[in-house]
Amino acid sequence: MTEEIMQALDGELFAVWFLIGAALVFWMQAGFAMVEAGFARAKNAGNILMKNLMDFCIGCVVFILIGFGLLLGEDLMGFIGKPGFDIFTSYENFDWSNFIFNLVFCATTATIVSGAMAERTKFLSYCVYSGVISALIYPIEAHWIWGGGWLAQMGFHDFAGSCAIHMVGGIAAIVGAKMVGPRIGKFEKDEKGKVVKVNAFPGHNIVVGALGVFILWLGWYGFNGAACTSVDQLASVFVTTTIAPSIATVVCMIFTWIKYGKPDVSMCLNASLAGLVAITAPCDVTDAFGAIVIGFVAGLLVCFGVWFLDNVVHIDDPVGAVAVHMMNGIWGTIAVGLFATDTAPDSTLKGLFYGGGFDLLGIQLIGFAAVAAWATITMIIVFSIIKAIFGLRVAEEEEIEGLDVKEHGLASAYAGFSIVDISAAAMSVNENTSLGEDDYDKASEAKRNASVPVENVSSTVAGTSLDTGMNKVVIITKLSRYDKIKRALNALGVTGITVTQVTGCGIEKGSSQMYRGVEMDMTLLPKIKLEVVVSKIPVDSVIETAKKCLYTGKIGDGKIFVYPVSRVVKIRTGEENFAALQDVE
């Protein structure tokens, strides 16, 4: 009787832990939101938060309607589950625990894509994608693995989702990032279209990004451990889930320290997540040594992945989602066939390195190939349809100004805080932010305005009593542009110019500091401030001449301010206003 009572209590205890684990996985949505927002620029933070919120909420809606049935419904030929509406028709007998548990995993798959396509994707298009992957793409392949489908029948092992969740989300991310294209200025090309330089877009808040990583790491104990059925198994999973990301982070730190001269903060944060992704499939069947090797490889693989996307295939992934989730999801899936051991609690599997031969490894490779093919083909179809109907990318002007204000009417995600986005036009200097076109005549109006923004105060008083017809034009730019703009203004008829040397904050091209393997540095740079007062010469002509002289195709080429002038006095002669300006224009 005592043994029966203890077994009953044990079953109830793990049923409660199952739901606690689901809550921890839900909390990981906050971690993803923080990582993605912190690694992106401030002008897009609100958009990223909104996408992470809607991943879960839209996912819940479609999971109720069809996703849950396709995943865990009655198996139909090993391919899909039978859709049903038991949640409405037989609620008293409904499997509530499995519903909420699988829902939070489904939302995780969807949200991986958000970071890879950040800063240039239409919000509507993203919402459509999120609904489709949660309703159809994820539930079907997850049924193969966890719902009694054909891979489960073969003996394929993915305990918590390296393949079903992370690899699938990572594949969706690389397909989406490729189809939407890179952010403006990420890659500089020569006249033949060949990429000659990769530019760094530093994350605006690494503190928030680090907080997100710690939230995700905490949630991962529920992610990997929620399905455990014994205390020994749960403890072992906690051990392997701790070892692998720790080793991966140390390896990444050493590697970036040696390669770039300093340990890279953002890459180490990515490495922690890479180790967690890699250990997710084998966490219940590997031992400490296996977890060490898995983490070691993950730490190097994430560095290679970020470099490969930037420098070889030229796919812009702002947060490293592809390197973290796709590449290490694949590695974790294969690692089961290499490092599985029957010495792990409740494990009966043996991998290649533990005397199990190639059988399990072969099954894992088949599962990886099948799920990867499914995800690749379906995501290409989905994004192609979305692109044809709605379009994937926002307009150039919206991307430059930021998705917060253009997509959501949110002036700033940091209202009330002093937050400066060093790549925003308001900062005026960011030489590593190319606009993709260095010819002023070929550049669009949005690119011209982003390169040399104009603050025209005079336009607000035109036609009023304050409009004297005299205007002061202040131009701030680099020292190297002085001779060119001086000659251009002289040719226009402006002969009187006041020049002051000033300093500005920006990113100096060719510096030695690194961000995720790309050169960048923030420093105070010497600038010049030119001031002219005009009346006879149209102020618009002065502005256009200055913009054309300053433009090089970079955000931060210069800035122009125009102010109305109420009175001018020439000290030497006593002449005033229009007469006082005749020898300077």
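The structure this text deals with has already been given above.
Nothing here was measured: the structure is a model prediction, and the numbers come from that model. (Residues numbered from 1 in each chain as written. Predicted model: local features only at pLDDT ≥ 70, side-chain atom pairs only at ≥ 80, totals over all residues. Heavy atoms only, no water.)

### With respect to unusual backbone geometry
In this structure, His 314 is a non-glycine residue whose phi angle is positive, near 55 degrees. By secondary structure assignment, the location of His 314 is in the loop between α11 (288-311) and α12 (321-339). (Helix = DSSP H or I, 4+ residues; strand = E, 2+ residues; numbered from the N terminus.)

### A closer look at the packing of helix α2 (residues 45-72) against helix α5 (residues 123-146)
Following both chains from N to C, one finds α2 and α5 inclined at 40 degrees, their axes separated by 8 Å at the closest point. Our classification of the angle between α2 and α5 gives oblique. For the element pair α2 and α5, the recorded crossing hand is right-handed. Partitioned by chemical class, the residues of the contact of α2 with α5 number 19 nonpolar, seven polar and two charged. (Axes fitted to C-alpha atoms, helices over the stretch in contact; angles between N-to-C directions. Parallel < 35°, antiparallel > 145°, perpendicular 65-115°, else oblique. Left-handed = near helix turned anticlockwise from the far one by under 90°. Nonpolar A, V, L, I, M, F, W, Y, C, P; charged D, E, K, R; others polar.)

### Focus: the pattern of salt bridges
Taken as a whole and assessed by the stated rule, the structure comprises twelve salt bridges. Of the charged contacts, one joins Glu 119 and Arg 41 as a salt bridge, the two residues approaching to 3.1 Å between their closest N and O atoms. Residue Glu 119 is located in the loop between α4 (96-116) and α5, and its partner Arg 41 is located in the loop between α1 (2-39) and α2; the two are separated by 78 residues in the primary sequence. You'll find Glu 119 and Arg 41 in the same group, each marked buried. (Salt bridge = Lys/Arg side-chain N within 4 Å of Asp/Glu carboxyl O. Buried < 20%, exposed > 50% of the residue type's maximum accessible area, 1.4 Å probe, protein only.)

### Concerning helix α9 (residues 231-260)
Between its first and last C-alpha, α9 extends 43 Å over 30 residues, near the 44 Å set by a 1.5 Å rise per residue. Positive phi appears at Gly 261, one or two residues downstream of α9, with a value of about 90 degrees. (Expected span 1.5 Å × (residues − 1).)

### A short note on the pairing of strand β11 (residues 558-564)
Remark: a regular strand shows side chains that alternate across the two faces of the sheet. Relative to β11, strand β5 (residues 454-456) runs parallel, the two being bridged by three bridges. If you follow Val 454 over to β11, its bridge partner there is Ile 560. Sheet analysis places strand β6 (residues 471-478) next to β11, joined by seven bridges and oriented antiparallel. In the strand pairing of β11, Thr 477 is matched with Gly 558. (Pairing = 2+ DSSP bridges.)

### What about the state of the cysteines?
Scanning all chains against the criterion turns up zero disulfides. Lacking any disulfide linkage, Cys 57 is separated from the closest cysteine sulfur, that of Cys 60, by 7.5 Å. For Cys 57, a relative accessible area of 36% corresponds to the partly exposed category. As a non-bridged cysteine, Cys 228 has Cys 283 as the owner of its nearest cysteine sulfur, 6.6 Å distant. (Disulfide = S-S within 2.5 Å.)

### A word on the pairing of strand β4 (residues 195-198)
Sheet analysis places strand β3 (residues 187-189) next to β4, joined by three bridges and oriented antiparallel. Residue pairing for β4: Lys 189 is matched across the bridge by Val 195. Connecting β3 to the next strand, β4, in antiparallel fashion are five residues, including Gly 193 with a positive phi near 85 degrees.

### As for the side chain of Asn 205
Here Asn 205 shows up in the loop between β4 and α8 (206-225). Once you skip the residues sitting within four places of it in the chain, Asn 205 turns out to touch Gly 38 and Tyr 414. (Contact = heavy atoms within 4.5 Å.)

### Describing the packing of aromatic side chains
Here the distance between the centres and the angle between the planes together describe a pair of aromatic rings. Evaluated as defined, the whole model comprises 27 aromatic pairs. Seen from their ring centres, Phe 26 and Phe 56 are 4.8 Å apart, and the 70 degrees between their planes marks the pair as edge-to-face. With Phe 26 in helix α1 and Phe 56 in helix α2, the pair connects residues that are 30 residues apart, well separated along the chain. On the basis of relative accessibility, which here comes to 40%, the residue Phe 26 falls in the partly exposed class. Here the aromatic residues Phe 18, Phe 101, Phe 105, Trp 146, Trp 220 and Phe 223 are joined through ring pairs into a cluster of three or more. If you follow Arg 448 out to its NZ or CZ, it ends over the ring of Tyr 440, 4.2 Å from the centre. (Phe/Tyr/Trp six-rings, centres within 6.5 Å; stacked < 30°, edge-to-face > 60°. Lys NZ or Arg CZ within 6 Å of the ring centre and 35° of its normal.)

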